[in-house]
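Here is what each chain is made of, one letter per residue.
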Amino acid sequence: MYGSPTPESQAVIDAGKQAFLQNYAPAPVVLDRGEGARVYDKDGNEYIDFGAGISVSSLGHQHPDLVAAAIDQLHKLWHVSNLYWTEPTAKLCEELAASCFAERVFLCNSGAEANEAAIKLARKWASATRDAEHREIITFEGGFHGRTIATVTATAQPKYHEGFEPLPGGFTYCRFNDRAAIEAAMSERTAAVMVEPVQGEGGIHPAEPGFLEHLRKLCDRHDALLIADEIQCGMGRTGKLYAYQWSDIEPDIMTLAKALGGGLPIGAMLAGPKVAGCLQPGSHGSTFGGNPVVCAVARVVLQKMQDRALMQRVQTLSERVVTRLKKFGEERQLFADVRASGLLVGAQLRAPFADKAGAVMSAGVDNGLLVLVAGSDVVRMLPPLTISDEELNDGMDRLEASFETALAD
């Protein structure tokens, strides 16, 4: 047990409780610094980070090349808006487009903004050929696309909708990985299908083999766009630069955020040839989008995420984590399932432990581990892709101790 916060840390916690809106419920820990896959609180306690800031710090904390890129740009220019060119911004867009199917890139500050831009782009494209009754966007149950009023509506989970009605129209929901259901749902009304190649917040559910190819064929048949939401599963998390690359398709639009900035806030909406020319000057914007400091760092992140050795290691570490979890779970009849796509891993608790995921996360803090949940029954792990063998083994030891602690209560 790490014990109660010191008076200095408790003062920070009390100030936050007094001043923050109550939409967050942080653990009683004041994190102060990090290095690699380890972070430290103001009281000197050390934690293995198996959450990576929800898949953001995928190259670990204080990666020296990212720090150097940020410092170099900080000494040049911080912000000028999109009324002018800056080299980091232009180069990042060029390099993102070159990394995939895209022709053009829109930069913003978050995943929700990127998905909002994708929704607007799809509607703008549809407006040229369809009336207002034929601009439907289909999304999938269990998905998560953001917290703005449009992206929360695109998120087909009622718990995120409650209290925010009336929600905007034009969205239809379908069962994930159900080929017959999506085929029946699509029609001349459909302008786009928006899908996460791996559902993260929904409990780590990858698209089944062939499902993305099925969506691509249906979109082509109905002249609809395919939007890949790779906010959480993209940027190397699955062992390829982009998760859609595990399939034999290319989307029309892709959204990125989280790991793209290595810890700094950035989102990106990448547009393929079918839609690259739809947004004209004044049709969309973002004041801070394309900030040169963040873009300078993101360029280094993108370069490192294209390292084949790193991507192979992600796949190797994934197998190691899953094997150890399954062995631990089988000995205790603990898990209903262990699902993974690279270092996006979810352990689903079986009855009678199915409501204990939150308790495992809390026990993790006491055991020096930062881990996540997806709902009440899935413990979610997203360690930095650069985690060392020692850090990984140490973190797994602490995770198993956290399961033991939580399930003994």
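Before reading on, note that the structure itself is shown above.
Nothing here was measured: the structure is a model prediction, and the numbers come from that model. Counting starts from 1 at the beginning of each chain's written sequence and moves along it residue by residue. pLDDT decides what is reported in this predicted model: residues at 70 or higher carry local features, side-chain atom pairs at 80 or more are listed and counted, and totals for whole chains, interfaces and linings draw on all residues regardless. Calculation of side-chain values draws on the structure's entire complement of heavy atoms; hydrogens and water are dropped beforehand.

(A) Examining empty space enclosed by the protein more closely. For each structure, a 1 Å grid was placed over the protein atoms alone; sets of points admitting a 1.4 Å probe that cannot get out are labelled cavities, open sets with protein on both sides within 12 Å along at least five of seven lines are labelled pockets, and lining residues have an atom within 4 Å of a point. Grid points are joined across faces, edges and corners, and a volume is the space filled by probe spheres set on the points. Throughout the structure, instances matching the rule amount to one cavity of 30 Å³ or more. A volume near 30 Å³ is recorded for the largest cavity. Lining the largest cavity are Val-195, Pro-197, Leu-212, Leu-226, Ile-227, Ala-228, Tyr-244 and Ile-249. Secondary structure elements follow DSSP: runs of H or I no shorter than four residues count as helices, runs of E no shorter than two count as strands, and numbering proceeds from the N terminus. With three residues, the top contributor of residues to the lining of the largest cavity is strand β10 (residues 225-229). Partitioned by chemical class, the residues of the lining of the largest cavity number eight nonpolar, no polar and no charged. When residues are grouped by polarity, Ala, Val, Leu, Ile, Met, Phe, Trp, Tyr, Cys and Pro land in nonpolar, Asp, Glu, Lys and Arg in charged, and all others, Gly among them, in polar.

(B) Seen up close, the nonpolar core. Side-chain atoms within 4.5 Å are what join buried Ala, Val, Leu, Ile, Met, Phe, Trp, Tyr and Cys residues into a set we call a nonpolar core. Categorising residues by exposure relies on relative accessible area from a 1.4 Å probe, with only protein chains included: less than 20% of the type maximum marks a residue as buried, more than 50% marks it as exposed, and the intermediate range marks it as partly exposed. Leu-96, Met-235, Tyr-242, Leu-325, Leu-399 and Phe-403 are the most contacted members of the largest nonpolar core, which totals 85 residues. Residues contacting Leu-325, with those up to four places away along its chain left out, are Phe-335, Val-338, Val-345, Ala-347, Met-381, Met-396, Leu-399 and Phe-403. Counting 25 residues, the second largest nonpolar core, distinct from the first, contains Cys-108, Ala-192, Ile-231 and Ala-257. Working rule for contacts: check all heavy atoms of both residues, and any pair within 4.5 Å makes them a contact.

(C) Main features of the pairing of strand β6 (residues 171-174). The criterion for strand pairing is that DSSP finds at least two bridges linking the strands in question. In terms of strand pairing, strand β5 (residues 136-140) meets β6 through four bridges, oriented parallel. Across the sheet, the residue bridging to Ile-137 is Phe-171, located in β6. A crossover links β5 with its parallel partner β6, the connecting element being helix α6 (residues 149-154), and its sense is right-handed. The handedness rule is simple: strands pointing away from the viewer, and a clockwise path from the first strand over the helix to the second, make the crossover right-handed.

(D) Here's a closer look at a nonpolar patch on the surface. The patches reported here contain residues having more than 30% relative accessible area and no salt bridge. Joining distances are 9 Å for like charges and 5 Å for nonpolar side chains (Val, Leu, Ile, Met, Phe, Trp, Tyr). Residue exposure ignores everything except the shown protein chains as possible cover, and the areas themselves are Shrake-Rupley values with a 1.4 Å probe. The term salt bridge refers to a pairing of a side-chain nitrogen on Lys or Arg with a carboxyl oxygen on Asp or Glu at a separation within 4 Å. Side chains of Val-67, Ile-71, Leu-74 and Trp-78 sit close together on the surface and give an oily, nonpolar patch of about 380 Å² of accessible area. Within the fold, Val-67 resides in helix α3 (residues 64-74). Judged by its relative accessible area of 34%, Val-67 is partly exposed.

(E) Looking closely at the layout of surface pockets. In this structure, the largest pocket spans a volume of roughly 1,900 Å³. Considering the residues around the largest pocket, the lining is formed by 48 residues, among which Tyr-24, Ile-54, Arg-147, Leu-372 and Arg-380 are closest to the centre. For the lining of the largest pocket, the elements supplying multiple residues, two or more each, are α2 (52-55), α5 (111-127), α11 (357-366), β15 (369-370) and β16 (372-374). Per-class residue counts for the lining of the largest pocket are 26 nonpolar, 14 polar and eight charged. Counted as a void, the second largest pocket has a volume near 1,000 Å³. Considering the residues around the second largest pocket, the lining is formed by 37 residues, among which Asn-82, Trp-85, Val-105, Phe-106 and Leu-107 are closest to the centre. Broken down by secondary-structure element, the contributors of at least two residues to the lining of the second largest pocket are α4 (87-98), β4 (104-108) and β12 (267-271). The leading source of residues in the lining of the second largest pocket is β4, at four residues. Residue classes in the lining of the second largest pocket are distributed as 19 nonpolar, 16 polar and two charged.

(F) Seen up close, the pairing of β5. The buried count for β5 comes to five of five residues, which makes it a mostly enclosed element. Burial along β5 is two-sided: Glu-136, Ile-138 and Phe-140 and Ile-137 and Thr-139, pointing in opposite directions, are all buried. As defined by bridge partners, β5 adjoins strand β7 (residues 190-195) across three bridges and the pair is classed as parallel. Each residue of the ladder has a partner; that of Ile-138, found in β7, is Val-193.

(G) Main features of the pattern of salt bridges. Enumeration over the complete set of coordinates arrives at 25 salt bridges. Between Glu-8 and Lys-42 there is a salt bridge, with its nearest N and O atoms 3.7 Å apart. Of the two residues, Glu-8 is situated in helix α1 (residues 7-19) and Lys-42 in the loop between β2 (38-41) and β3 (46-49); the sequence distance between them amounts to 34 residues. The network of salt bridges with common partners includes Arg-38, Glu-46, Glu-391, Asp-394 and Arg-398.

(H) Molecular detail of the sheet that holds strand β11 (residues 253-256). Taking strand neighbours across the sheet as the criterion, the seven strands line up as β4-β12-β11-β10-β7-β5-β6 in an open arrangement whose pairing is mixed. If you trace the sheet from one side to the other, it starts and ends with β4 and β6, each paired once. Strand-to-strand twist across the sheet, computed as the mean angle between neighbouring axes with direction ignored, equals 20°. Against the sheet, α4 makes contact with β4, β11 and β12, and its axis sits at roughly 125° relative to β4, the strand it touches most. The sheet contacts of helix α8 (residues 211-221) involve β5, β7 and β10, and relative to β10 the element is tilted by about 150°. The axes used here are C-alpha line fits, helices contributing only the stretch in contact, and every angle between their N-to-C directions lies in the interval 0 to 180 degrees.

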